Amino acid sequence: MFLSGSKAVAIGAINSKIDLYLAYPMTPATNALHELAKRQLDYNYLVFQAESEISVVNMALGASFAGAKTMIGTSGGGFDLMTEGLSFQGISEIPLVVYLATRVGPGTGIPTYNMQGDLDIALRGGHGEFPRIVVAPGDPLEVVEKVNEAFYLSEKFRTLSIVLSDKHVAESEFSFNDKVNRPLKVDVKRKVPGESDEVIKASSYEHNEFGIATEDPVIAKANAERRLEKYGEIKKEVKRFEMVKVHGRRDSKNLIIGWGSTKGAILDAIDGKDYKFLQVLYMKPLSGLIRKEIENAERVVLVESNLTGQLGRLIREKTGISIKNRILKYDGRPFKSDELRKLLDKEMRR
């Protein structure tokens, strides 16, 4: 198989029996829009380019409310515009899948280059507190599978699922011998308008069980707790899937932690060396195996393509463990395996 990340997004969505893909063009997410548009007549779904990212997210919520399996795509700047709509998703509980393909920021930044700077907004974008899923595949094969998982989880738990990628994964070509896992069946089992005489409502206002707006403190408290409890059920469900992967020498005490597009360079850099590589796929929920791997290691190095080590900060938040040895690259270029090999050897000697 010879595949780019953008083509993989299309395959994962098609495997999930997508009904609608909405987007406004923004590098590096645009190629996924093109790939899905090319296939819409063959697989009986609709692709539509709206006039803005704000329109995209609100159209998507309307379509999903009506029962359509819906996905939207953008990059960091467009995701910023969508965050009010994502918060609407949180209280209305209308299923939604988002493809977020990161590029260099802030602002326009270096729009056609690579960076992993948007993990923080994927984890927290949108006001208020509500559950979400954030998954970050490291190559197109994983993209196909994780897009499918995102659709499955979003529909099952009526939640927000974000597939976090970047330019390097989206626009690079990868070759594989492995086969994609059998796709999960994505069923729409919730009540949707037109299927019965019952009136179905969705609101961005706090509401009672009938969808009627309310400011009752008892109902507001119960709803907030119910939404948070849903996250506990999500954490149990995702244990079915690969939340992390371990590469390299399983018994090594030299641990490298990375995610997303750093995967390829790390694998090449540790080939034949005494390293173990822990690839984090699910950012939210975060796997409990991460703490165990860190505690069993003698040396730990964090590898990320951003300025502040955003995965490292997330791990510290969830486990209390601070990873001091970090290799961070933030010049808009992806890691090269030879440079990374030298940097890793230097860090491990400290």
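Peer 1: Just give me the short version of the sheet that holds strand S13 (residues 299-304), but keep the residues and values in it.
Peer 2: The mixed open sheet is built from five strands, whose spatial order is S9-S11-S10-S13-S14. Strands at the two margins of the open sheet, each flanked by one partner only, are strand S9 (244-248) and strand S14 (325-328). The mean inter-strand angle of the sheet, taken between neighbouring strand axes irrespective of direction, is 20 degrees. Both strand S10 (residues 254-259) and strand S11 (residues 276-280) contribute to a ladder of five bridges, which runs parallel. Opposite Gly 258, over in S11, you have Gln 279 as the bridge partner. Most of the contacts of helix H10 (residues 289-296) go to S11, to which it runs at about 160 degrees, and overall it touches S9, S10, S11 and S13. Sitting on the sheet, helix H11 (residues 310-319) is in contact with S10, S11 and S13, with an inclination near 130 degrees to S13.

Peer 1: Explain the packing of aromatic side chains to me, using residue names and the numbers behind them.
Peer 2: The relative placement of two aromatic rings is captured by the distance of their centres and the angle of their planes. Scanning all chains against the criterion turns up two aromatic pairs. Between Tyr 152 and Phe 241 the ring centres are 6.1 Å apart and the planes differ by 85 degrees, which places this aromatic pair in the edge-to-face class. With Tyr 152 in helix H6 (residues 140-157) and Phe 241 in the loop between helix H8 (217-237) and S9, this pair connects stretches of sequence that are 89 residues apart. Grouping residues by exposure puts Tyr 152 and Phe 241 together as buried. A ring pair is formed by Phe 174 and Phe 176, whose centres lie 6.4 Å apart and whose planes are at 15 degrees; its orientation type is stacked. The pair Phe 174 / Phe 176 is uniform in exposure class, with both members buried. Lying over the aromatic face of Tyr 231, Lys 284 brings its terminal NZ or CZ to 5.8 Å of the ring centre.

Peer 1: Please give an account of the pairing of strand S4 (residues 70-74) that cites residues and values.
Peer 2: The element S4 is extensively covered by neighbouring structure, given that five of its five residues are classed as buried. Along S4, one buried face is formed by Thr 70, Ile 72 and Thr 74 and the opposite face, lined by Met 71 and Gly 73, is buried too. Pairing of S4 with strand S5 (residues 96-102), which is carried by four bridges, proceeds in the parallel orientation. Within S5, the residue paired with Gly 73 across the bridge is Tyr 99. In this region the chain leaves S4, passes through helix H4 (residues 76-92) and returns to the parallel neighbour S5; the handedness of that crossover is right-handed.

Peer 1: Which residues make up the environment of Glu 173, and what values do they have?
Peer 2: On the secondary structure map, Glu 173 appears in strand S8 (residues 173-175). With sequence-adjacent residues up to four places away left out, Glu 173 is seen in contact with Phe 2, Leu 3, Ser 4 and Lys 7.

Peer 1: Would you mind going over the pattern of salt bridges in detail, with residue names and values included?
Peer 2: As enumerated under the stated definition, the model contains 26 salt bridges in all. A salt bridge links Glu 35 to Arg 39; the shortest N-O distance between them is 2.7 Å. Of this pair, Glu 35 and Arg 39 both sit in helix H2 (residues 30-43), four residues apart, which is roughly one turn of the helix. Accessibility expressed as a relative area gives 23% for Arg 39, which makes it partly exposed. Here Lys 167 makes a salt bridge to Glu 171, at a shortest N to O gap of 2.3 Å. With Lys 167 and Glu 171 both in helix H7 (residues 167-171) and four residues apart, the pair spans about one turn of that helix. For Lys 167, a relative accessible area of 18% translates into the label buried. Three or more residues are tied together by salt bridges with common partners; here these are Asp 120, Arg 124, Arg 313, Glu 317 and Lys 318.

What counts, and at which threshold
- Residues numbered from 1 in each chain as written.
- Predicted model: local features only at pLDDT ≥ 70, side-chain atom pairs only at ≥ 80, totals over all residues.
- Heavy atoms only, no water.
- Pairing = 2+ DSSP bridges.
- Helix = DSSP H or I, 4+ residues; strand = E, 2+ residues; numbered from the N terminus.
- Axes fitted to C-alpha atoms, helices over the stretch in contact; angles between N-to-C directions.
- Contact = heavy atoms within 4.5 Å.
- Phe/Tyr/Trp six-rings, centres within 6.5 Å; stacked < 30°, edge-to-face > 60°.
- Buried < 20%, exposed > 50% of the residue type's maximum accessible area, 1.4 Å probe, protein only.
- Lys NZ or Arg CZ within 6 Å of the ring centre and 35° of its normal.
- Right-handed = clockwise from strand over helix to strand, strands pointing away.
- Salt bridge = Lys/Arg side-chain N within 4 Å of Asp/Glu carboxyl O.

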